[in-house]
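In case you want the letters, here they are:
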Amino acid sequence: MSKTIIVTGGAGFIGSNFIFYILKKYADYRIICLDKLTYAGNLSTLKPVMDNPNFRFVKADICDREAVYQLFEEEHPDIIVNFAAESHVDRSIEDPGIFLQTNIMGTATLMDACRAFGIERYHQVSTDEVYGDLPLDRPDLFFTEETPIHTSSPYSSSKAAADLLVLAYYRTYGLPVSISRCSNNYGPYHFPEKLIPLMIANALNDKPLPVYGEGLNVRDWLYVEDHCSAIDLIIHKGRVGEVYNVGGHNEMKNIDIVKIICKALDKPESLITYVTDRKGHDMRYAIDPEKIHNELGWLPETKFEDGIKKTIDWYLNNREWWEEIISGDYQNYYEEMY
Ligand code: NAD
Ligand code: TDX
């Protein structure tokens, strides 16, 4: 049956990949991308679907109640998938305010529209960072959906606040919600401020590769398409009011990722530069994905060695996409950061 989905933040990394995934899989679905086009949003990313008659792009802020309500009135969406967020931990440490505004107030505004107009499902795209971190010397520990919320950064705190609001709207108003908490994604269209694309872009330009602290922090990497397939399952078959952790048991130290990128691009490891550590830097993230596996049959399909190869090839073949980004305002950000 045909459905109309509003995808917020669809001009960013994961949202755009989700739009491509859904339009390819469901020929009769209509997708409306609502995006403010912040520094992290790029219309050129959506070029492959701009002429698709089942796709519409609307430039608006999820905090703008009037614009959001008008869109609901025009489109009568069945499902909302909220990717829109300020997403970079380092930026949240420098300036938390916009994180609270977009990530918390924006989520509330979208859910108020859902209450006012009625929807089949509101899905919140959240993160494993809401659980805080795990120690390196306890490889037996993983985040489950029951792990207490215990955030470290202004970013993760704003995402956790949004998650709590989503669950409050379920309990208080009976809004049909779901939440996914995913580990670190990688893949095409990843904004070059984040570890993997930053290291690829710098290596290709023979620039230093800035590793925070000793590079021993561990992240649990998932290829972006596998995250998209998990959200697809949750919005169609997941239980309302539930949280689903998403991850592929692929833990890696930052330094090992950087060395893999050097090797793949035939660049010397002497480019690696150890820089001042991130404040409050989370040590290890590790997701237990048993619930989504047992309930919905989800499993990741992409092995890390294949995913990283596809990702590096994409950055090699799409230089104009990231070169344009790193040539603009991003330069100022980079110079201040590193
Ligand atoms: P991104 O920064 O690449 O993209 C964010 C998008 O949201 C951009 O297109 C931006 O223009 C848009 N946006 C920002 N503020 C907005 C506003 N006020 N109104 C409308 N649009 C706005 O982020 P991403 O990495 O694609 O992450 C998407 C979501 O997934 C976020 O909610 C993030 O917390 C979550 N998440 C990300 C990861 C990851 O590894 N990247 C992992 C788990 C969860
Ligand atoms: O230059 C760098 N050097 C470095 O050592 C950068 C940008 C990062 N790092 C380290 C910090 C982290 O330990 O690499 C690791 C990954 O960093 P990020 O790419 O900034 O990701 P992270 O902080 O783990 O958060 C990401 O995953 C969870 C996303 O940005 C979040 O939006 C998501 O919720």
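Up top is the structure.
Calculation notes
- Residues numbered from 1 in each chain as written.
- Chains lettered and ligands numbered in written order.
- Predicted model: local features only at pLDDT ≥ 70, side-chain atom pairs only at ≥ 80, totals over all residues.
- Heavy atoms only, no water.
- Helix = DSSP H or I, 4+ residues; strand = E, 2+ residues; numbered from the N terminus.
- Rg over C-alpha atoms; globule rule 2.2 N^0.38 Å.
- Buried < 20%, exposed > 50% of the residue type's maximum accessible area, 1.4 Å probe, protein only.
- Contact = heavy atoms within 4.5 Å.
- Polar contact = N/O pair within 3.5 Å; in protein donor to acceptor, adjacent residues only side chain to side chain.
- Core = buried A, V, L, I, M, F, W, Y, C linked by side-chain atoms within 4.5 Å.
- Pairing = 2+ DSSP bridges.
- Right-handed = clockwise from strand over helix to strand, strands pointing away.
- Near = heavy atom within 4 Å.
- Areas by Shrake-Rupley, 256 points an atom, 1.4 Å probe, with all protein chains shown as cover.
- Nonpolar A, V, L, I, M, F, W, Y, C, P; charged D, E, K, R; others polar.
- 1 Å grid on protein atoms, 1.4 Å probe; cavity = no way out; pocket = protein on both sides within 12 Å on 5 of 7 lines; lining within 4 Å.
- Points joined across faces, edges and corners; volume = space filled by probe spheres on them.
- Axes fitted to C-alpha atoms, helices over the stretch in contact; angles between N-to-C directions.
- Parallel < 35°, antiparallel > 145°, perpendicular 65-115°, else oblique.
- Left-handed = near helix turned anticlockwise from the far one by under 90°.
- Salt bridge = Lys/Arg side-chain N within 4 Å of Asp/Glu carboxyl O.

Caption draft 1: Representation of the overall build of the protein in the model. For the protein, the count of helices and strands is 12 helices and 13 strands. Here the C-alpha radius of gyration of the protein, 19 Å, is about what a compact globule of 338 residues would show, namely 20 Å. Taken along the three principal axes of its C-alpha coordinates, the protein extends 55 × 45 × 35 Å. Here the protein, with 338 residues, has 57% of them falling under the buried criterion. Residue pairs in contact within the protein that sit at least 24 positions apart in sequence constitute 83% of those at least 6 positions apart.

Caption draft 2: Summary view of the side chain of His-123. Relative to the helices and strands, His-123 is located in strand β5 (residues 121-127). At a separation of 2.9 Å, a polar atom in the side chain of His-123 contacts the side chain of Ser-178. Once residues lying within four places of it in the same chain are set aside, the contact partners of His-123 are Ile-80, Val-81, Asn-82, Ser-178, Ile-179, Ser-180, Ile-231, Ile-234 and Ile-235.

Caption draft 3: The nonpolar core, seen in detail. Core analysis: the biggest nonpolar cluster contains 60 residues, and Ile-5, Phe-18, Ile-19 and Val-81 have the highest contact counts within it. If sequence neighbours within four positions are ignored, Ile-5 has contacts with Ile-22, Tyr-29, Arg-30, Ile-31, Ile-32, Ile-79, Val-81 and Ile-235.

Caption draft 4: Just the pairing of strand β6 (residues 177-182), in detail. With 6 of 6 residues buried, β6 lies mostly within the body of the structure. Alignment of β5 against β6, held across 6 bridges, turns out to be parallel. Bridging across to β6, Thr-127 finds its partner in Cys-182. In the classification by handedness, the crossover that spans β5, the intervening helix α5 (residues 154-173) and the parallel β6 is right-handed. Where β6 meets strand β11 (residues 242-246), 5 bridges bridge the pair, whose relative direction is parallel. Note on β11: the bridge partner recorded for Ser-178 is Glu-242.

Caption draft 5: Fine view of the site of ligand 2. Close to ligand 2 lie 21 residues, the nearest being Glu-129, Tyr-155, Arg-278, His-281 and Tyr-338. One of the backbone nitrogen or oxygen atoms of Leu-195 is found 2.8 Å away from an oxygen atom of ligand 2. The contact in question runs from an oxygen atom of ligand 2 to an N or O atom on the side chain of His-281, over 2.7 Å. In isolation ligand 2 offers 660 Å² of accessible surface; the protein chains occlude 94% of this area. Mapped onto the shell around ligand 2, the elements with two or more residues apiece are α6 (195-204) and β8 (209-212). At 3 residues, β8 tops the list of elements feeding residues into the shell around ligand 2. Taken together, the residues that form the shell around ligand 2 break down as 9 nonpolar, 7 polar and 5 charged.

Caption draft 6: Fine view of the layout of surface pockets. Empty space within the largest pocket amounts to approximately 700 Å³. In terms of lining, the largest pocket is formed by 28 residues, of which the most central are Asp-90, Arg-91, Glu-94, Tyr-333 and Met-337. Looking at the lining of the largest pocket residue by residue, the classes come out as 12 nonpolar, 4 polar and 12 charged.

Caption draft 7: Structural context of the environment of Arg-56. Inspection of the secondary structure assignment puts Arg-56 in strand β3 (residues 55-59). In this structure, the C-alpha to C-alpha distance between Arg-56 and Ile-32, residues 24 residues apart in sequence, is 4.8 Å. Setting aside anything within four residues of it in sequence, one finds Arg-56 in contact with Arg-30, Ile-31, Ile-32, Cys-33, Leu-71, Glu-74 and Glu-75. Polar contacts involving the side chain of Arg-56 include one to the side chain of Glu-75, which spans 2.6 Å.

Caption draft 8: Structural view of the packing of α6 against helix α10 (residues 304-317). Remark: α6 packs on α10, axes separated minimally by 11 Å, with the N-to-C direction vectors making an angle of 50 degrees. Judged on the interaxial angle alone, α10 and α6 are oblique. Here α6 and α10 pass one another in a crossing that is right-handed. Here Ile-196, Pro-197, Ile-200 and Leu-204 of α6 lie close against α10, whose contacting residues are Ile-308, Thr-311, Ile-312, Tyr-315 and Leu-316. Class assignment of the residues belonging to the contact of α6 with α10 gives a composition of 8 nonpolar, 1 polar and no charged.

Caption draft 9: Region of interest: the site of ligand 1. Around ligand 1, the structure places 28 residues, and the nearest of them are Ile-14, Asp-35, Ser-87, Tyr-155 and Lys-159. Contacts to ligand 1 include Asp-35, whose side-chain N or O atom sits 2.6 Å from an oxygen atom. Take Thr-102: an N or O atom from its side chain is 3.1 Å from a nitrogen atom of ligand 1. Out of a free accessible area of 840 Å², ligand 1 has 97% covered by protein chains. Those elements that provide at least two residues to the shell around ligand 1 are α1 (13-25), β5 and α5. Take the shell around ligand 1: its biggest share by element is 3 residues, from β5. Here the shell around ligand 1 is composed, by residue class, of 13 nonpolar, 11 polar and 4 charged.

Caption draft 10: Quick peek at the pattern of salt bridges. Evaluation of the coordinates by the stated rule reveals 20 salt bridges. Across the pair Asp-112 and Arg-115 runs a salt bridge, and its minimum N-O distance is 3.5 Å. Placement of both Asp-112 and Arg-115 in helix α4 (residues 97-117) is noted, with a separation of 3 residues, approximately one turn of the helix. The class of Arg-115 is partly exposed, set by a relative accessible area of 39%.

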